[in-house]
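Residues per chain, in single letters:
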Amino acid sequence: METTVRVTEPLVVTGPPVVAERPGVMNGRARRQTTDTYRAEVLGCVTDPALTYRQRVQRLAALAEGALEPPAVSAACRAAQAAGVVHDMGEGPAPYRPRYVLPDYALALAGGAAHLELEPARDLDEALALLLAAYASVPSITGYPVYLGDLDTLLEPFVDDSVTDADLDRRLTLFWRLVDRTMPDAFVHADLGPDDGRVVRSLLRVDRRLRQVVPNLTLRVDPVRTPDALLREAVLTTCADGKPHYVNDPMMRADLGPDYGVVSCYNSLPRGGGAYTLSRLDLSASVRRAVPGPLAGRAGAAERVERWLTEVLPGDVALTAELMASRIRFLVEEARFFEHDRFVLDGLVRRDRFTAMFGFYGVAEAVAALLAPGAGAGVSACLGGDAFSRHGTRGTQRRYGLDADATALGQRIVAALADLVAATPMPYCEATGGHALLHAQSGIDTDLGVTAGARIPPGSEPPLYEHIRAVAPNHRHVPAGISDVMRFEPTVAVNPDAAVAVIRGAFAAGMRDVTFDVEGNGFVRITGYLVRDTDVAGVAAGARHSSTFLGAAALENQHLRDRVTKCAPQPPGASGR
């Protein structure tokens, strides 16, 4: 019996279903079989030698919650979930905490937190201790804080001339190790930048020396405020351990204001608030389900596209929104999280700073299905296996990211989806104008034959500049985060200025997030989080980081090792070496 822990920005738990039916809702023999199944799941968890103590506790909590009924939705919404069109991301049937919480740690450092019994910090040691104490209590879908704060901004005021660079590195090394050892999950995320400073430089040095997967990192980049020298230091860190992400700070500020954080994988949300929930729409499954209905017999690609965009997609957006609204109302009105949580009582998070994340994925496969020759037969051929995700569609079929028409259709789908989400009311989302934020969901470990978000399928990515031009137009529509992973060859480590030029150019072309990993450095960027090759190799015997279980499966199921390695070009004026 599989009992692998799945605590994640994807799923909380996977493996066999927790229960076939809720215990107690059936009678006689069927009810006894259900109870026995549930007990077997619990026993399998507590006796699994591959699970740590904390992983067992988290799985047991998920099993308990799984015995409840989910918030009520319509029969149409349930049918969309059963068909795989709408997905609740395994958040559990009884939302009792928001998915992502972004406390305002600056308030705690300046004024303390009475309900958390934290005094204001007076020096660097007290600031680090306060943050570690606060992290231990942050509610989260993963069981660990997904947001550690804008660390350089938070800590820089406590670093004066009495603190040498060597002493700063030593203290932050201890802090970094404690974060990894006490929060062993790669969705724990810290932000840096856009300004230069002693703390951001020290954290980059520490991170590339320790080579930990925790915490995940994002560097905000501003075309004026962020110097090339700081970007170069960050690129060297990426060469060592795959971090950080690079985010277009002016674009983010234009969408979310200055008080935002990047959390978990690469999810951007209001600071002092967060996201109630993240549900996702599988665009490829939306097309596939429409074949017997509105798209039946529509042999022409143009007609299929128009009918799906106008007759099918709006309905599937509405069903996804219905699921999200039901979960938000349960959290706010029945679990009443915002009436009793200590971070709320201390003013470190506020309900009016929360929103919801509307996720989507499968753009590449939806495009292939809509443009396939024929009607149903073409759709089935494109979506029936994993060949597309590995190498693109076969024969004369047009491929998203490589064919101009296919790429343009993908961009049109994302734009249409953004308009629909922005026009769909969402309860308790005052922070973002009463609607959810669109998010290019980066996939989960069990996804098969479908590509994350609006990414080009691994193994079929075009050359670097063509890749950027193909995906950049999507980024302006996705304020809650979108990521396209570029894989560079190892020589970028001796020519970091080339990567700096790529980052600057990608942002100028309209990208919101630039993410790259480096071939052969021992780390792989999965969705937005990282795994170490050595951890994946030993995962059968267990893993200290709960996210390693997810990464090991995703590497195989999503063919992430097939990413096309790109040569980082020489920047203008380089010596040519």
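Provided above is the structure to which this section pertains.
Below is a summary of the structure that appears in this document. In this text, all values refer to a predicted model and were calculated from it rather than measured experimentally.

## Side note on the pattern of salt bridges
- Counting across every chain of the model gives 36 salt bridges.
- In this structure, the salt-bridge partner of D249 is R253, at a minimum N-O distance of 2.7 Å. You can see D249 and its partner R253 sitting in helix α10 (residues 249-256), four residues apart, about one turn around the helix.
- Given a relative accessible area of 30%, R253 falls into the partly exposed group.
- For the salt bridge of R561 with D533, the shortest nitrogen-to-oxygen distance reads 3.6 Å. A residue pair is termed long-range when its members are at least 10 positions apart, and R561 in the loop between α21 (546-557) and β15 (565-566) and D533 in helix α20 (residues 533-537) qualify at 28 residues.
- Its relative accessible area of 44% is what places R561 among the partly exposed residues.
- Judged by relative accessible area, D533 falls into the partly exposed class, the value being 30%.
- Several salt bridges share partner residues, and in doing so they unite D150, D191, R220, D249, R253, D259 and R271 into one network.

## Re empty space enclosed by the protein
- Following the criterion strictly, the structure yields three cavities of 30 Å³ or more and no others.
- Every residue lining the largest cavity is counted, 17 residues in all, and those nearest its centre are T451, R455, I456, P458 and L560.
- Classifying every residue of the lining of the largest cavity by side-chain character gives six nonpolar, seven polar and four charged.
- Its boundaries defined by the atoms lining it, the second largest cavity holds a volume of some 40 Å³.
- Taken together, the residues of the lining of the second largest cavity break down into four nonpolar, one polar and four charged.

## Brief notes about the pairing of strand β11 (residues 485-488)
- Where burial is concerned, the two faces of β11 agree: the one with V485 and R487 and the one with M486 and F488 are both buried.
- The pairing of β11 with strand β12 (residues 513-518) spans four bridges and is parallel. Among the inter-strand pairings, V485 is bridged to a residue of β12, identified as T515.
- You can see the chain leave β11, run along helix α19 (residues 496-508) and come back into β12, and the turn it takes is right-handed.

## Brief notes about the nonpolar core
- Membership of the largest hydrophobic core comes to 152 residues, with the highest contact counts inside it found for Y100, L151, Y246, W308 and F360.
- Leaving out residues up to four positions away in the same chain, F360 has contacts with R280, L281, L283, V414, L417, L438, H439, A440, Q441, G453, A454 and V478.
- Counting residues in hydrophobic clusters, the runner-up holds 17 residues, among them V536, F549, L550 and A554.

About the thresholds
Counting restarts for each chain: residues are numbered from 1 in the order of the written sequence. Two thresholds apply to this predicted model, a pLDDT of at least 70 for residue-level local features and 80 or more for giving and counting side-chain atom pairs, whereas whole-chain, interface and lining totals are computed over all residues. Side-chain figures throughout are based on the complete set of non-hydrogen atoms in the structure, without hydrogens or water. Think of a salt bridge as a Lys or Arg side-chain nitrogen and an Asp or Glu carboxyl oxygen that are within 4 Å of each other. By definition, any uninterrupted DSSP run of H or I lasting at least four residues is a helix, any uninterrupted run of E lasting at least two residues is a strand, and each is numbered from the N terminus. In this scheme, a residue with accessible area under 20% of its type's maximum is buried, one over 50% is exposed, and one in between is partly exposed, where area comes from a 1.4 Å probe on protein chains only. Lining residues are those with an atom within 4 Å of a point, where the points come from a 1 Å grid over the protein atoms alone and group into cavities, where a 1.4 Å probe fits but cannot get out, or pockets, open sets with protein on both sides within 12 Å along at least five of seven lines. Grid points are joined across faces, edges and corners, and a volume is the space filled by probe spheres set on the points. Residue type decides the class: Asp, Glu, Lys and Arg count as charged, Ala, Val, Leu, Ile, Met, Phe, Trp, Tyr, Cys and Pro as nonpolar, and the leftover types, Gly among them, as polar. The pairing criterion is simple: DSSP has to find at least two bridges between the two strands. Handedness is read with the strands pointing away from the viewer; a crossover is right-handed when the path from the first strand over the helix to the second is clockwise. What is meant by a nonpolar core is a set of buried Ala, Val, Leu, Ile, Met, Phe, Trp, Tyr and Cys residues, joined one to another through side-chain atoms within 4.5 Å. Note on contacts: a residue pair qualifies if any of its non-hydrogen atoms lie within 4.5 Å across the two residues.

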